[in-house]
Every structure is written in structure tokens, then in C-alpha cells.
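Residue-level structure breakdown
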Amino acid sequence: MTKKNWFKGLRLNIHAPGTGLALIVLALTQVPVSIKNAAEVACIGQTSNRILKVDKNHLEANMLAVQKCNGGR
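Residues numbered from 1 in each chain as written. Predicted model: local features only at pLDDT ≥ 70, side-chain atom pairs only at ≥ 80, totals over all residues. Heavy atoms only, no water.

Across its full length, the protein carries three helices and zero strands. Each helix and strand of the protein, ordered N terminal to C terminal, gives the series α-α-α. Taken across its 73 residues, the protein has 8% of its residues classed as buried. By element, 65% of the accessible surface of the protein is carried by carbon and sulfur atoms, the whole surface being about 6,400 Å². (Helix = DSSP H or I, 4+ residues; strand = E, 2+ residues; numbered from the N terminus. Buried < 20%, exposed > 50% of the residue type's maximum accessible area, 1.4 Å probe, protein only. Areas by Shrake-Rupley, 256 points an atom, 1.4 Å probe, with all protein chains shown as cover.)

Put into C-alpha cells, the structure is as follows:
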């Protein structure tokens with residue numbers, strides 16, 4: 001089957017009954033992960049800023065902030 005014929009035979013319907021369920025499942029699995037990641041990025045930014053004011057070293061401040069926000073010391 002050529003590529004052109006394959007695309008003709010593939011008919012996707014976004015109004016199919018399973019589409020809504022699939023979107024709900026995606027939302028339930030991805031939204032909590034994105035909230036966690038956004039909170040982690042905010043924590044790293046704030047912690048890095050605090051450490052940077054004291055140490056004046058960008059690289060060290062970022063490394064320490066990532067360690068601290070990921071559950072390290």
C-alpha cells in the first residue's frame with residue numbers, strides 16, 4: 001500500500017466516543033506532574049536567588065538550589 005493510499009484509508013474522527021475519555025485520562029495523568037514541575041522550578045529560582053546574594057557565585061548557587069529543592073541538604 002503506497003503512502004498516499006494509506007493516508008486515505010486512515011480516517012481519524014475527533015468526535016469519536018473514546019476521544020473524550022482519552023483526553024480525560026491524559027489530563028488526570030499529566031496535570032499533577034506539571035504542577036509538581038512548576039513548583040520545583042519556582043523553588044529553584046527562589047533558592048538560587050537567596051544563595052546568589054550571599055555567595056555571588058552563579059554556578060554554585062544553581063547547583064545548591066537544585067540539590068536543596070530535590071530533597072537534598
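Now, onward.
Let us now look at helix 3 (residues 58-69). The end-to-end C-alpha distance of helix 3 is 16 Å, a good match for the 16 Å that 12 residues give at a rise of 1.5 Å each. Residues of helix 3 that are buried: Ala61, Ala65 and Cys69. Take helix 3 and look down its axis: the buried residues cluster within an arc of 50 degrees, on one side only. Tucked inside the fold, the buried residues of helix 3 contact helix 2 (17-55). The N-cap of helix 3, judged by a side-chain oxygen 3.4 Å from the amide nitrogen of Leu59 a few residues on, is Asn57. One or two steps after helix 3, the chain reaches Gly71, where phi turns positive at roughly 100 degrees. (Expected span 1.5 Å × (residues − 1). Arc of directions from axis to C-beta. Contact = heavy atoms within 4.5 Å. Polar contact = N/O pair within 3.5 Å; in protein donor to acceptor, adjacent residues only side chain to side chain.)

The next point concerns unusual backbone geometry. Unusually for a residue other than glycine, Lys56 sits at a positive phi of about 60 degrees. Examined against the element boundaries, Lys56 turns out to sit in the loop between helix 2 and helix 3. Look at Lys56 and you get exposed, because its relative accessible area is 66%.

For the protein, per-residue confidence averages 85 on the pLDDT scale, and residues scoring 70 or more make up 85% of the total. Taking the mean pLDDT of every element in the protein, the minimum, 65, falls on helix 1 (residues 3-9) and the maximum, 91, on helix 2. (pLDDT = per-residue confidence, 0-100.)

Our focus in this paragraph is the state of the cysteines. Enumeration according to the criterion identifies one disulfide in this entry. Across the disulfide, Cys43 is cross-linked to Cys69 (sulfur-sulfur distance 2.1 Å). Sign of the S-S torsion, about -85 degrees for the bond between Cys43 and Cys69, identifies this disulfide as left-handed. A residue pair is termed long-range when its members are at least 10 positions apart, and Cys43 in helix 2 and Cys69 in helix 3 qualify at 26 residues. (Disulfide = S-S within 2.5 Å.)

What follows concerns the side chain of Thr47. Topologically, Thr47 is positioned in helix 2. Side-chain polar atoms of Thr47 contact the backbone oxygen of Cys43, separated by 2.8 Å. Beyond its immediate sequence surroundings of up to four residues, Thr47 is in contact with Ala65, Lys68 and Cys69.

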